[in-house]
Amino acid sequence: MPDPDQAVLARRAGIAEALRGIVPGEGVIDDPDALRPYESDGLTAYRQPPMLVVLPETVEQVSAVLRWCHAEGVKVVPRGSGTSLSGGALPLADAVLLGMGKFKRVLAIDYDDRVAVVQPGVTNLAITQTVEERGFYYAPDPSSQIACSIGGNVAENAGGVHCLKYGLTTNNVLGVELVLMDGEIVRLGGRHLDPCGLDLLGVIVGSEGLLGVVTEVTVRILPKPESARAVLVGFPDPESAGACVAQVIAEGIIPAGMEMMDRTAIHAAEAFVNVGYPLDVGALLIVEVDGPAAECDYLIEEIARIAGANGAVTSRTSTDERERMAFWAGRKAAFPAVGRISPDYYCMDGTIPRRRLPEVLRRMEQLSVDYGLGVANVFHAGDGNLHPLILYDANKPGELERAEAFGNDILRLCVEVGGVLTGEHGVGIEKRDLMPVMFSETDLQQQQRVKCAFDPKLLLNPGKVFPTLHRCAELGRMHVHAGQVPFPELPRF
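What you see is a predicted model, and the numbers here were worked out from it, not measured in a lab. (Residues numbered from 1 in each chain as written. Predicted model: local features only at pLDDT ≥ 70, side-chain atom pairs only at ≥ 80, totals over all residues. Heavy atoms only, no water.)

A count of helical and extended segments in the protein chain gives 18 helices and 20 strands. For the protein chain, the C-alpha atoms occupy an extent of roughly 65 × 60 × 55 Å along the three principal directions. Counting only residues that meet the buried cut, the protein chain has 54% of its 493 residues in that class. Within the structure as shown, the protein chain displays about 21,000 Å² of accessible surface, and the carbon and sulfur contribution to it stands at 52%. Within the protein chain, the 64 negative side-chain charges are centred at a point lying 2 Å from the centre of the 44 positive side-chain charges. (Helix = DSSP H or I, 4+ residues; strand = E, 2+ residues; numbered from the N terminus. Buried < 20%, exposed > 50% of the residue type's maximum accessible area, 1.4 Å probe, protein only. Areas by Shrake-Rupley, 256 points an atom, 1.4 Å probe, with all protein chains shown as cover. Lys, Arg positive; Asp, Glu negative; His and termini not counted. Charge placed at Lys NZ, Arg CZ, Asp CG, Glu CD.)

Quick look at the structure:
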């Protein structure tokens, strides 16, 4: 991380006093013990207490805090619920941590336009709970949906088990209110589809808190399908399950969700939630289809046929809503379940072409042997978004470093086979130094120019995403060689 600015740290007391003038009462936290809960996000391997925490309650306070910090050259790290798994909300020693947890109101529901307007601190699940009485729901459903906030979902472009058919956060957000680092309040998008002009909303979703602080989100809500059914299909090994996934998609079937768990994850989840997962299989697929009942019946038969052709050894279809939800309960509890069988685990996030699943799973198994560390695979198989959980013990010298190296090799493998470094967890600090594996220097400089357009002083969430962050003036310099500028025939103004 960047070296702390000692001049800023020397002003800590004055900064706290100034910010209390903007956010009075208990809105500023500076006691060392009270700062401890904010020292990490979901990537708990890395910890750093912030210089200060500020908890605004209004958009005007957010704007005033950012405007003051911009004028005074003080860095700011935005934070939602702190469930990020890539270190995106890791504090800096010389930065203000801007917590958005008090922004937790549902502002408007419009069933005719099928939209909900919410503040960023509203949890993902709360949106569905607000509209379910009228038969609607919010489609993206990350496993942490009971805790993760919609503002964090926007920052990381979160997905979930149903993103295969209904898309990630970016496919379900119509507009945002955003406060820039200089305090300016802007609106992008709204209640309409496909606004004209540059797709700035697409730039903001997934920008990991580097470009602005979201203070309001407009999301689309969907009517619940007529029916939904899930099937558990067991396979002798992950390779045959991966082949089944590829064939299902190749034959034109797009399930609502398609998840895979390997033997380690199956046993951990079943011991945790007791939902009846088969324990004598090497891999388990959970496939859900939704829509009209007749369509669901047909698709279940087709999936069973494809699974049988790929060596399935067990199959069980949900008979009612309770059983369907039980199937998913094990999958959504898989991460904490794995936490019961290992002192620590490192959750990775990479995405690959579906057709390469069998090969990648086989090579990950060999990497597990090479590094001497176990791995439990739980992932969104339908869109190739892998979530290997590397098992280690942080109390044993060198194991964290081996786990990090193992994870880096998994991500390099994802890129090697035509995939990408992340599917929904973001880059943060976890994958920051691997960005050159996927992007050229020119690619990274272009991305940093976008950062400079929004935050010229580079004060908002610095140290994340970019392995080397150039000053904006460096990116704007023109190279002059032998007295000649590039493309001398072009007019200069």
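Having put the structure on the table, let's press on.
Another aspect to go through is the packing of aromatic side chains. In this structure the tally under the stated criterion is four aromatic pairs. Each ring, one from Y111 and one from F136, has its centre 5.3 Å from the other, and the planes form 50°; the classification is tilted. Here Y111 is found in the loop between β5 (106-110) and β6 (115-118), whereas its partner F136 is found in strand β7 (residues 136-137), with 25 residues between them in sequence. The pair formed by Y111 and F136 is uniform in burial state, with each residue classed as buried. (Phe/Tyr/Trp six-rings, centres within 6.5 Å; stacked < 30°, edge-to-face > 60°.)

Here we take up the pairing of strand β13 (residues 257-262). Extensive coverage of β13 is indicated by the burial of six of its six residues. Side-chain alternation along β13 places G257, E259 and M261 on one buried face and M258, M260 and D262 on a second face that is also buried. Of the pairings in the sheet, the one linking β13 to strand β14 (residues 283-291) comprises six bridges and is antiparallel in character. Looking at the pairing, G257 lines up with E288 of β14. Strand direction decides the pairing type here: β13 and strand β18 (residues 375-380), joined by three bridges, are antiparallel. Looking at β18, one finds that E259 is bridged to H380. (Pairing = 2+ DSSP bridges.)

So, about the nonpolar core. Nonpolar side chains in soluble globular proteins tend to be buried together. The biggest cluster of nonpolar side chains holds 83 residues, and the ones touching the most others in it are V173, V217 and L285. Ranked by the residues each element gives to this core, the list is headed by helix α15 (residues 399-416), at eight residues. When neighbours within four sequence positions are excluded, V217 is seen to be in contact with A116, V117, V118, I150, V154, V173, G175 and V176. (Core = buried A, V, L, I, M, F, W, Y, C linked by side-chain atoms within 4.5 Å. Contact = heavy atoms within 4.5 Å.)

Pairing within the open sheet is antiparallel, and its five strands lie in the order β5-β6-β10-β8-β9. Of all strands in the sheet, those with a lone pairing partner are β5 and β9 (185-189), marking the two edges. Looking at each pair of strands side by side, their axes are set apart by 15° on average, direction ignored. Of the pairings in the sheet, the one linking strand β8 (residues 173-179) to strand β10 (residues 213-220) comprises six bridges and is antiparallel in character. Bridging across to β10, G175 finds its partner in T218. (Axes fitted to C-alpha atoms, helices over the stretch in contact; angles between N-to-C directions.)

Turning to the side chain of E288, a few remarks are in order. Tracing the chain through its elements places E288 in strand β14. Of the polar contacts made by the side chain of E288, one reaches the side chain of H162; its length is 2.8 Å. Residues within four places of E288 in sequence aside, it is in contact with H162, A228, R229, A230, P255, A256, G257, R324 and W328. (Polar contact = N/O pair within 3.5 Å; in protein donor to acceptor, adjacent residues only side chain to side chain.)

Along its 14 residues, helix α4 (residues 59-72) runs 20 Å from first to last C-alpha, staying within 8% of the 20 Å computed at 1.5 Å per residue. Positive phi appears at G73, one or two residues downstream of α4, with a value of about 70°. (Expected span 1.5 Å × (residues − 1).)

Our focus in this paragraph is the environment of F379. Inspection of the secondary structure assignment puts F379 in strand β18. Take F379: its relative accessible area is 0%, and that puts it in the buried class. When residues no more than four places from it in sequence are discounted, the contact partners of F379 are M258, E259, M260, R331, L357, L361, N385, L386 and H387.

Here we come to the state of the cysteines. The bond known as a disulfide is covalent and runs between the sulfur atoms of two cysteines. Counted under the stated rule, the structure contains one disulfide. Across the disulfide from C452 sits C472; the S-S distance is 2.1 Å. The sign of the -95° torsion about the S-S bond sets the C452-C472 disulfide as left-handed. Within this pair, whereas C452 is found in helix α17 (residues 441-454), its partner C472 is found in helix α18 (residues 472-476), the two being separated by 20 residues in sequence. Neither C452 nor C472 differs from the other in exposure class; each is buried. (Disulfide = S-S within 2.5 Å.)

Quick look at a nonpolar patch on the surface now. A cluster of nonpolar side chains, L198, L200, V203 and V450, forms an exposed patch at the surface whose accessible area comes to about 340 Å². Looking at the secondary structure, you find V450 in helix α17. (Patch = residues over 30% accessible without salt bridge, like charges linked within 9 Å, V, L, I, M, F, W, Y side chains within 5 Å. Salt bridge = Lys/Arg side-chain N within 4 Å of Asp/Glu carboxyl O.)

The backbone of R114 shows a phi angle near 60°, a positive value even though the residue is not glycine. Counting through the fold element by element, R114 comes out in the loop between β5 and β6. The exposure class of R114 is partly exposed, given its relative accessible area of 42%. In the Ramachandran plot, V465 falls in the positive-phi region, its phi being about 75° despite a non-glycine side chain. Within the fold, V465 resides in the loop between α17 and α18.

Below, the discussion takes up the sheet that holds strand β2 (residues 52-54). A sheet is described by the order of its strands in space; here four strands give the open sequence β1-β2-β4-β3, paired in mixed fashion. Two strands close off the open sheet at either side, each with one partner strand: β1 (28-29) and β3 (75-79). Note that β1 and β2 share two bridges and pair antiparallel. Counterpart to I29 in the pairing with β2 is V53. Strands in contact with helix α2 (residues 12-22) are β1, β2 and β4 (95-99); relative to β2, the strand with the most contacts, it is inclined by about 10°. Its contacts with the sheet place α4 against β2, β3 and β4, and it is angled at close to 170° to β4.

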